[in-house]
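# Examining the three-dimensional arrangement
Listed below are the residues making up each chain.
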Amino acid sequence: MAMVGVLGIVMSSCASMFLKVTDKAARIQQGMTKDEVTEIMGRTPDYRRFANGHDEWEYRTLLNNDDYDVVVLDFRNGRVAQMDSFREVRHYHPDGEKK
């Protein structure tokens, strides 16, 4: 019985590795700490910017067509103040087709 529990934990951990950043970000709430966000996202941000008391984290997932799903989090005083998520569409793809 214990083996079933361990297997369930391992499988759920592996499945979360394949979630897009936008799927994971749906769990983020205003006021969460950076540690809470890192735990939900499963990693540190891909990009980080800061100035004038703002700390901005950006997460990206590369999609099959070379577009990206992007989540940008704005922290103030170490807590989530704002979040934006969007799809970054490449207008020209290497295979020569235009979108």
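These numbers come from a predicted model, not from an experiment. (Residues numbered from 1 in each chain as written. Predicted model: local features only at pLDDT ≥ 70, side-chain atom pairs only at ≥ 80, totals over all residues. Heavy atoms only, no water.)

### Thoughts on the pairing of strand β3 (residues 68–76)
Extensive coverage of β3 is indicated by the burial of 7 of its 9 residues. For strand β2 (residues 54–62) and β3, the ladder comprises 9 bridges, and the chain directions are antiparallel. Bridge assignment links Glu58 to a residue of β3, and that residue is Val72. Linking β2 to β3, which pair antiparallel, is a turn of 5 residues; within it Asp66 sits at a positive phi near 75°. Between the end of β3 and the start of strand β4 (residues 79–88), which pair antiparallel, lie 2 residues, with Asn77 showing a positive phi angle near 55°. (Buried < 20%, exposed > 50% of the residue type's maximum accessible area, 1.4 Å probe, protein only. Helix = DSSP H or I, 4+ residues; strand = E, 2+ residues; numbered from the N terminus. Pairing = 2+ DSSP bridges.)

### Observations concerning unusual backbone geometry
For Asp66, which is not glycine, the phi dihedral falls at a positive 75°. Inspection of the secondary structure assignment puts Asp66 in the loop between β2 and β3. Phi at Asn77 is positive, roughly 55°, even though this residue is not glycine. For Asn77, the position within the fold is in the loop between β3 and β4.

### Brief notes about the pattern of salt bridges
When the charged atoms of two side chains lie near each other, side chains of opposite charge can form a pair. Enumeration over the complete set of coordinates arrives at 10 salt bridges. One salt bridge in this structure joins Asp55 and Lys34, with 2.5 Å as the shortest N-O distance. A residue pair is termed long-range when its members are at least 10 positions apart, and Asp55 in strand β2 and Lys34 in helix α3 (residues 34–41) qualify at 21 residues. Given a relative accessible area of 7%, Asp55 falls into the buried group. When the shortest N-O distance is used, the salt bridge between Arg49 and Glu58 registers 2.6 Å. Accessibility expressed as a relative area gives 36% for Arg49, which makes it partly exposed. By relative accessible area, which is 8% here, Glu58 ends up buried. Salt bridges sharing common partners tie together Arg49, Glu56, Glu58, Arg60 and Glu88. (Salt bridge = Lys/Arg side-chain N within 4 Å of Asp/Glu carboxyl O.)

### Quick word on the confidence of the model for the protein chain
Within the protein chain, residue pLDDT values average 83, and 74% of them lie at 70 or more. Within the protein chain, no element has a lower average pLDDT than helix α1 (residues 2–17), which sits at 47, and none a higher one than α3, at 98. Every residue in residues 6–15 scores below 50 in pLDDT, and together they form 0 contacts with partners more than four places removed in sequence or on other chains. (pLDDT = per-residue confidence, 0-100. Contact = heavy atoms within 4.5 Å.)

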